[in-house]
Amino acid sequence: MNYTDDQRKAIETVDKNLQIIACAGSGKTQVISERIAHILDSQGVDPSSIVAFTFTEKAAIELKDRIYGICQKRLGTDQGLGGMYVGTIHGYCLNLLQEPPIYKYLKYKVLSDVCQRLLIDRYSKQSGLTETPLLKDGYLRRWIDSSLYQGLVSICAEADVDYDKIPSGVVASVEKYRSLLHQHKYLDFTTIQMEALNALKSHEELRNKIKEQVRYLIVDEYQDINPLQERIIKTLFDLAGNICVVGDDDQTIYQWRGSDVQNIITFKDRYPNVDTVSIGLNFRSSGAIVDSARQFVEKIPNRLPKKMDSSNSQSFERGDVLALSFKSPVEEADWIVGKIESLHGAAYQDKPHAEERGLCYSDFAVLLRSVKNDARPIMDALDAKDIPYIVSGMDGLFDTPEVNAMRLVYWFLSDYSDGKYTPPSISQVRKSLVDARLGLSQEQIDAGCAFLEEKKKLIPTSNSAELHLQRLYLDFLGTIQLCEEGIDAVSKSTKRSEIAYYNLGKFSTVISDFENIYFKSSVRNLYPEFASFLLYRAPQYYPEGAGENGYGRPDAVQIMTVHKAKGMQWPTVFIPCLRKNRFPSGGSRGRGIFHVIPCDAVSNAERLKGTQEDERRLFYVAITRAEKYLFCSWSPIEEKRNSKKISEFQTDISRYDNITTAEPPAKSIRKIEGKQRHVDLTLPLTFSELKYYFECPYQFKLRFLYGFNEPIQQAMGFGKSLHDALAEIHAESIQGTTITVSDVDRLYEDHFFLPFISPANTQLKENLEKAFKRDLAKYIVENSNKFDKLEHVEKVIELNLANGIVVNGRIDLIRHTETNELTIVDFKSDAEAQDVETTKKQLHIYALGYKQLTGKSADLIEIHNLKHGGADREVVTDAMINSTVQLINEAGADLRSNHLEKCEDCSKCSMKCVCKHKDK
DNA sequence: AGCCAACTGTTTTTT
DNA sequence: ACAGTTGGCT
C-alpha cells in the first residue's frame, strides 16, 4: 500500500508521543492499524503491551480486523495478537475491575441505561432522586425527572466539577445513589470508569501489573473523550510511557454527552515530547465536496491547524452537489425518492481504477438531525415506490399492533387505573389480538383469553413463580400456540412474520429489563407497576428496531441521524429537512441539569447545552459522509410555527461555487448491473451465544436476533458465585498463596450473591449457602495438590477463523498434570444443565484459541462437576478440533444467510412456547 | 423597537 | 414541565 508523507510519518513515529489529526476520509483506521503493526514488527514487542481505545465496539472490531490482516500479511502470523487490548474504555475498565488482582467486583452486574432509570425510579428516595433540590425551589420528582437525574449523576463523576459550588443537598443525593448501586451490586457505565480510575491510582498490585505489561497506549476518537476518561488515559500513560492520540477537533459531536474538545486542542501542552501530524488528504470525496466542507468548517474559531485536500478519487460534474428548496416535506421526499430511482444502477467506481458497478439501494443514505421528527414523509415516499429502507432511531415499538396487544394483556391482568387510564376489558384484549394479525384462530384466541382470565384471579393473592411476568408471557404465547410460520398465513407480505416476532421478542426484553429491577416485588404490586411502566415510560425507552436485525447486509436505503452516520460513507448522501430550529437545532427546553447545579460549577459547561459551533461541526460530519453525490434540501412545514424558515447552514453552503441551487436538466445516466459494495464483515460471536446455536439454530434466532429471554429464577447467580470463588482461588494460588478449606468462609462472604432471591425464601437461601460452601470445600480438598501446577486463570481468548468469524470466550483454568500435559479446564455447577457434548465443543474452541494466542497445543480437556466432584477428561485430537471448526463455519454461513432452522428435539428447550407448530 | 400570547420540543454510546 | 422562539400587534 502507498502512503502519503504525512501518513508515513504518523505510522513511523513510535518512540515519541504522537498526536494525529485525521481529517474526514483520510484513511485514519488504516494508519492506526499500520502503526500498531509497525510497533509489533520493528520494536519486537509483545502484543499484550499495546492498549488501543476506540469509541464504539463496532470500531474496535473493524480496527482489530485491519490489524490482524496487516500482521498476517507482513509477519505471516496472527499468533499472540489476542493479547492486545483493542476496545472501548468502558470495556477495559470493566476488565480491570473484574480480573486479578481485584476480586471485589466479580459479583457486580453492569446496569444498562433503561435498568438504571428503573432503579432510580423504583428506589426514588434511596437513589436520592426525590431528595435532590432544585436551585429555585422544590425537588426532582419520581418518573418525571429521572432521566435528568441520570444525567446529573454521570456529569458529577465525568465532568470537571467544583463540588464547592454544588448545593449540599445535591451532593448528598448523588452519594446516596452511589451507595444504592453498591448495595445492589450494580455498576453503571460511569461508575465502571470511576472505580477503575480509583484502582489505577491506588491499587499498588494493579499498578505494578500494568506498569510491567503496558508500553503503548493508543486512543482513537480522542476529541470525544470526557474529563473522567482523560484522567484514566493520563494515569495509564504515566504507567505505560507512550501515548498516541488520534482524532479531529472538527468532528466533535458528543459534547452534549460530556466529551470535551479541549482535550485534543490542548493535548500537546499537557503531555511531554509530543509530535503532531495532520493527515489531511481526503481519499473519500470529490474535490467539490471537500472544498465545500472546508469552507464550511473554517468558520469555526479556535480550530487546530490542518490542511484539507481532496485526492479527487471521485470526479465532479455540476449537478452532483445540490442545495435545493421545496414547497412541502411531501414534495421534498418525492424528489429524494425520484433521485434515488434515477441514480439506482448508475455506473460507479468506488475508487479510481476500481471495477465499475451499478449503484444499489444500500449506496444511498438519508441523514437527518432528528429521525423521530423528520423521517416519516421520507419513509412514506419510499414505501409508495416499494424501495427497501432501514430506519434507525424511530420510536414506535409500542405502536406496533402485536406489542400493543401485549401491553393490553398486562394492563388487563393488572387492572391498573389512574386519573387518565382505565383498564381494558377482556373483549378489548381479544380485539387487539385479532388486530395484531398473528395468524391465530378463534379457538386459539379463546384459549388465550380464558388463560388470562384465570391468571388474573390469582394475581391479588398468589406469589407463585408462574405469575412472574416473563414466565406468564411465555406461557401465554404457548397457550395461544403462536408460531412464526403461522403469521404468514394471514398476510401477503412475507416479511410480516419476522417483524412481528422481532417485536414480540423485544417485548420479552422489555419484561427482562423491568423484572431485573422489580423481580422481588410481590406479584400483587408487580403488575400495576409494570402496567404503569408500559403506559407512561416504556414507549420512550425503546426504539422500533425491526429491520436492522440479522447478520447480513440488506440492500436498502439507510435513514439515520448524523450522529449514527459518523465514521460511515456512501456514494450518495441526502441531507434533507434543513430548516431553522432543526439543523442547527433549536436545542432542548424545559428542566435540565442546570436547574439543579449552577453552570459555573462545571468547567466548560457551555458544551453540555449545545452551541452553534457544535451544530456546525455536526453538519460538517454530515456532508463529509458523501463520496460523489450530495443533495441538501429543505422545505417549510406550513402548519408548524417554528418550521417555516430555511436553515442558516443551507443558506451558507448555497453561496459556495461548487454547489448548485437548481437541478440541472436531466442527462441520460449510464446504467449497469447493480452490485453491493464488498465489505469484509466480521461476525463476532461469544461462546455463550454459539452454545445455543449448537443446541438449536432457531433457538439462537429467538434469543439473539429477536430478543426472547428466559424467566428469572431465584437461584440465579449460584453458578456464577462458585465460578468467581474458584477464579480467586486459582489466581491467588498462582501468586503463591496457599488456599485451604479455612478460606471457604471468606470466599463465601466475598462471592456468594443471589440477586433475585426473595428474602422470604429462607429455605432456598440456606440450601444454596450450604451447597456453595460444601462444593467449594470439596473442590479444595480434592484438588489443592494441583494448585502449584496452574498456568492461567480466566484466560481471555479470541479465535479468528478464516471467513471472518471471531469467537470470544474465557477459559476457566489452564494447568499442567503431574506428567506435564497441558490441560484446559472448565467448571460446571450442577445448576448449569449444559449438555456434555456442548461443553466439549466449547473446550475444543478454547484449545484452538489458546493455540492461536500462545502457540502451545493443549493435550487434554477436563470438565469438573462441582456438585458431585471429580472430572471427565479427554485427549485433544486434531480431528475433534477440526470437526468443531467445521461446525462453527457452518454456523457462520447460516447466520449470514439468516438460515436458522428449528431442531427436532424440543423436550428440554425453554423457548418451545414460541416455537412449536400449531398441529403439534 | 418592544411586548406578549401562542407555540413548541435533538442528538445516544458504553457489558 | 418549562422556557426560548416566533410573529402579530402596538
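For the structure itself, look to the data block above.
It should be emphasised that the depicted structure is a prediction, and the values quoted were computed from it without experimental measurement. (Residues numbered from 1 in each chain as written. Chains lettered and ligands numbered in written order. Predicted model: local features only at pLDDT ≥ 70, side-chain atom pairs only at ≥ 80, totals over all residues. Heavy atoms only, no water.)

**Concerning the sheet that holds strand S3 (residues 85–88)**
Strand order in this open sheet of six strands is S3-S2-S6-S7-S1-S8, and the pairing throughout is parallel. Both edges of this open sheet fall to S3 and strand S8 (274–279), since each of them pairs with a single strand only. Adjacent strand axes in the sheet meet at a mean angle of 15 degrees, parallel and antiparallel pairs treated alike. By the bridge criterion, four bridges tie strand S2 (residues 50–54) to S3 in an arrangement that is parallel. (Pairing = 2+ DSSP bridges. Helix = DSSP H or I, 4+ residues; strand = E, 2+ residues; numbered from the N terminus. Axes fitted to C-alpha atoms, helices over the stretch in contact; angles between N-to-C directions.)

**Thoughts on the nonpolar core**
Tyr 410, Tyr 473, Phe 507, Phe 533 and Phe 708 are the most contacted members of the largest nonpolar core, which totals 97 residues. Those residues in contact with Phe 533, other than ones at most four positions away along the chain, are Leu 118, Val 510, Phe 514, Ala 538, Pro 539, Tyr 541 and Tyr 542. Grouped together as the second largest cluster of nonpolar side chains are 41 residues, Phe 53, Leu 187, Tyr 222 and Ala 240 included. (Core = buried A, V, L, I, M, F, W, Y, C linked by side-chain atoms within 4.5 Å. Buried < 20%, exposed > 50% of the residue type's maximum accessible area, 1.4 Å probe, protein only. Contact = heavy atoms within 4.5 Å.)

**Re the sheet that holds strand S11 (residues 321–325)**
Reading across from one edge, S11-S18-S17-S14-S16-S15 is the order of the six strands in this open sheet, with parallel pairing throughout. The sheet terminates laterally at S11 and strand S15 (389–391), the two strands that pair on one side only. Averaged over all pairs of adjacent strands, the angle between their axes in this sheet comes to 20 degrees, without regard to strand direction. Relative to the sheet, helix H14 (residues 329–343) contacts S11, strand S14 (364–368), strand S16 (557–561), strand S17 (570–575) and strand S18 (626–634), its axis offset from that of S18 by approximately 160 degrees.

**Focus on the protein's contact with DNA strand B**
With respect to spatial proximity, 29 residues lie near DNA strand B, and among them Glu 57, Arg 369, Thr 561, Ser 588 and Arg 641 are the closest. Among the atoms of DNA strand B lying within 4 Å of the protein, the sugar-phosphate backbone contributes 57%. Trp 256 places a polar side-chain atom, nitrogen or oxygen, 2.9 Å from a base oxygen of DNA strand B. Every element with two or more residues in the surface near DNA strand B is listed here: helix H4 (89–98), helix H15 (371–384) and helix H23 (562–565). In terms of residues, the surface near DNA strand B owes the most to one element, H15, which gives three residues. (Near = heavy atom within 4 Å. Polar contact = N/O pair within 3.5 Å; in protein donor to acceptor, adjacent residues only side chain to side chain.)

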